[in-house]
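Given next are the chains, with one letter for each unit.
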Amino acid sequence: MNFLKVPKHVGIIMDGNGRWAIKNNRERNYGHKKGVEVAENVIEWSKEFGVDYLTLYTFSQENWKRPKEEIEFLFELIIRYFEENLNRIIENGVKISFLGKIDDLPKSLKDTCKEIQNISKNNKEFNLILALNYGGKQEIVDAVNKIIKEGKEEITIEDMERNLYLPHVPNPDLIIRTGGEVRLSNFLLWESAYSELYFTKTLWPDFSYEEYLNALKDYSKRERRFGAIKQ
Ligand code: IPE
Ligand code: IPE
Ligand code: MG
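The structure displayed is predicted, hence computed values, not measured ones.

**Q** An account of the overall build of the protein is requested, with residue identities and associated values reported.
**A** Of regular secondary structure, the protein possesses seven helices and six strands. Mapped from its N terminus to its C terminus, the protein presents α and β elements in the order β-α-α-β-α-β-α-β-α-α-β-β-α. A compact globule built from 231 residues should have a C-alpha radius of gyration of about 17 Å, and the protein, at 18 Å, falls within 12% of that. The buried share of the protein, reckoned over its 231 residues, is 48%. Carbon and sulfur atoms provide 49% of the accessible area of the protein, an area that totals close to 12,500 Å². For the protein, the distance from the average site of its 35 positive side-chain charges to the average site of its 37 negative ones is 2 Å.

**Q** I'd like a rundown of empty space enclosed by the protein, residues and numbers included.
**A** A complete count under the given rule lists one cavity of 30 Å³ or more for this structure. Roughly 50 Å³ of volume is contained in the largest cavity. Every residue along the wall of the largest cavity is listed here: I43, E44, K47, Y81, R88, I89, N92, V94 and L128. Those elements giving two or more residues to the lining of the largest cavity turn out to be α2 (28-49) and α3 (68-91). A breakdown of the residues in the lining of the largest cavity according to their chemical character gives five nonpolar, one polar and three charged.

**Q** Can you tell me about the pattern of salt bridges, naming the residues and giving the values?
**A** Counted by the stated rule, this structure contains 24 salt bridges. In this structure, the salt-bridge partner of R225 is E223, at a minimum N-O distance of 3.3 Å. E223 gets classed as partly exposed once you look at its relative accessible area, which sits at 36%. Taken together, the shared-partner salt bridges in this structure form one network comprising D15, R19, R177, E181 and R183.

**Q** Please set out the site of ligand 2 residue by residue, giving values where relevant.
**A** Around ligand 2 sit I13, M14, D15, Y57, T58, F59, N63, R66, R177, R183 and S185, and that is every residue in its neighbourhood. In this structure, D15 approaches ligand 2 through a side-chain N or O atom, which is 3.1 Å from an oxygen atom. Interatomic distance of 3.2 Å between a side-chain N/O atom of R66 and an oxygen atom of ligand 2. For ligand 2, the protein covers 78% of the area, taking 390 Å² as the surface of the free molecule. Among the detected pockets, ligand 2 sits in the largest pocket. No other element matches the three residues that strand β2 (residues 53-60) contributes to the shell around ligand 2. A class-by-class count of the residues in the shell around ligand 2 yields four nonpolar, three polar and four charged.

**Q** I'd like a description of unusual backbone geometry, backed by residues and values.
**A** The residue N25 is not glycine, and still its phi comes out positive at about 55°. Position of N25 relative to the elements: it lies in the loop between α1 (17-23) and α2. Backbone geometry places N133, a non-glycine residue, at a positive phi of 55°. Topologically, N133 is positioned in strand β4 (residues 126-134).

**Q** Pulling in residues and values, what's your account of helix α5 (residues 136-149)?
**A** End to end, α5 covers 20 Å across 14 residues, agreeing with the expected 20 Å (1.5 Å per residue, within 8%). Listed in full, the buried residues belonging to α5 are G136, E139, D142, A143 and I147. Down the axis of α5, the buried side of the element spans an arc of 135°, and every buried residue falls inside it. Pointing more than 90 degrees away from the buried face of α5 are the exposed residues K137 and K149.

**Q** Give me the lowdown on the pairing of β2, citing residues and values where you can.
**A** Of all eight residues in β2, seven are buried, a share of seventy percent or more. Across five bridges, strand β1 (residues 9-13) lies against β2 in parallel orientation. Bridge pairing links I13 to Y57 in β2. In this sheet, β4 lies alongside β2 in parallel orientation, the contact comprising seven bridges. Paired with T55 across the bridge in β4 is I129.

**Q** Tell me about the packing of aromatic side chains, residues and numbers included.
**A** Scanning the entire structure with this criterion turns up 16 aromatic pairs. On the basis of an interplanar angle of 75° and a centroid distance of 5.5 Å, the ring pair of W64 and F75 is categorised as edge-to-face. Of the two residues, W64 is situated in the loop between β2 and α3 and F75 in helix α3; the sequence distance between them amounts to 11 residues. Given a relative accessible area of 6%, F75 falls into the buried group. Seen from their ring centres, Y134 and Y165 are 6.2 Å apart, and the 80° between their planes marks the pair as edge-to-face. In this pair, Y134 is assigned in strand β4 and Y165 in the loop between α6 (157-162) and β5 (174-177), connecting sequence segments 31 residues apart. Chaining the aromatic ring pairs together yields one cluster made of W45, F49, W204, F207, Y209 and Y212.

Scoring rules and cut-offs
- Think of each chain on its own: its residues are numbered from 1, step by step along the sequence as written.
- Going through the entries in the order they are written, you letter the chains from A and number the ligands from 1.
- For a predicted model such as this one, the threshold for reporting local features is a pLDDT of at least 70, and the threshold for listing and counting side-chain atom pairs is 80 or more; totals across whole chains, interfaces and linings nevertheless cover every residue.
- Hydrogens and waters are ignored; side-chain quantities use all the structure's heavy atoms.
- The numbering of helices and of strands both runs from the N terminus, where a helix is a DSSP run of H or I of at least 4 residues and a strand a run of E of at least 2.
- This radius of gyration counts C-alpha atoms alone. The globule rule is 2.2 Å times how many residues there are, raised to the power 0.38.
- The buried label goes to any residue with under 20% of its type's maximum accessible area, the exposed label to any with over 50%, and the partly exposed label to all in between, with areas taken from a 1.4 Å probe on protein chains only.
- The Shrake-Rupley method, run with a 1.4 Å probe, gives the accessible areas here. Residue values count only the displayed protein chains as cover.
- Under the counting rule used here, the positive set is Lys and Arg, the negative set is Asp and Glu, and His together with the chain ends is not counted.
- Throughout, a charge is located at the NZ atom of Lys, the CZ atom of Arg, the CG atom of Asp or the CD atom of Glu.
- Computed over the protein atoms alone on a 1 Å grid, cavities are sets of points where a 1.4 Å probe fits but cannot get out and pockets are open sets with protein on both sides within 12 Å along at least five of seven lines; a residue lines them when it has an atom within 4 Å of a point.
- Grid points are joined across faces, edges and corners, and a volume is the space filled by probe spheres set on the points.
- Following the grouping adopted for this structure description, the nonpolar residues are Ala, Val, Leu, Ile, Met, Phe, Trp, Tyr, Cys and Pro, the charged ones are Asp, Glu, Lys and Arg, and the polar ones are all others, Gly among them.
- Just to be clear on terms, a salt bridge is a Lys or Arg side-chain nitrogen sitting within 4 Å of an Asp or Glu carboxyl oxygen.
- Note on terminology: near, applied to a residue and a molecule or strand, indicates that one of the residue's heavy atoms is within 4 Å of it.
- Residues adjacent in sequence count toward polar contacts only when both atoms are side-chain atoms; beyond that, a polar contact is any pair of N or O atoms within 3.5 Å, and within protein one must be able to donate a hydrogen and the other to accept it.
- Think of it this way: a molecule belongs to a cavity or pocket when more than half its atoms come within 2 Å of the grid points there.
- In a helix, the anticipated span is given by 1.5 Å times the number of residues less one.
- Arc definition: it is the arc formed by the directions from the helix axis to the C-beta atoms.
- Pairing between strands is defined by DSSP: at least two bridges between them are needed.
- Ring geometry is summarised as follows: Phe, Tyr and Trp rings, the Trp one being its six-membered ring, pair when their centres sit within 6.5 Å, and such pairs are stacked at plane angles under 30 degrees, edge-to-face over 60 and tilted between the two.

As structure tokens, then:
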């Protein structure tokens with residue numbers, strides 16, 4: 001793929017599972033099940049393209065507003081996915097990190113996340129980050145509170161950056177959102193300051209290799225100036 005400028009870090013807001021299911025006369029949860037299969041493919045395609053970091057928006061802090069049954073189903077799906085795929089993921093050298101308030105999740109999911117993080121921490125081939133119980137505003141507030149505890153009275157941008165949840169992860173170069181909504185929904189608010197944004201109407205369970213390639217082609221054409229002028 002040497003005609004492509006490949007982003008080092010891609011973030012994806014995987015939206016549209018529920019609508020996809022309804023469109024196909026199924027229950028919303030069936031859409032989530034399909035969504036996991038697509039996420040699995042996207043991890044593989046990201047590696048193929050040469051992306052180093054992939055952050056998947058898996059569950060937002062606001063998603064607690066959903067019915068209990070849907071939330072439980074989503075959490076079960078995540079646990080089951082790792083039960084079935086963890087060995088393969090680890091053998092492939094994938095380091096898995098979680099972004100968000102993992103400690104506030106139900107114990108079974110929390111334990112799974114911590115175990116996975118621990119087992120995969122020395123892997124270096126690829127970085128998969130799952131934003132789980134994540135909120136961008138919360139991350140910013142948590143960073144400020146950590147700095148206050150250090151006794152600082154004035155905060156710098158550097159203070160903020162070293163107190164984010166995953167300070168060593170580079171900012172996302174490209175954020176893709178499926179499902180047709182044109183918003184960030186509290187995803188990576190600080191980190192997205194200079195991200196390129198790509199929105200598609202495709203519902204997440206229909207997201208394909210071609211669509212991903214289109215997003216990368218579009219990204220390749222963008223001129224990232226970061227406030228400077230073209231050289
Ligand atoms: C995204 O799909 C998955 C999660 C938020 C967990 P949705 O469940 O939001 O699907 P729509 O937007 O209702 O179609
Ligand atoms: C964003 O999708 C969250 C995830 C994909 C995990 P939502 O469906 O929750 O976003 P809104 O409610 O449309 O903004
Ligand atoms: Mg949605």
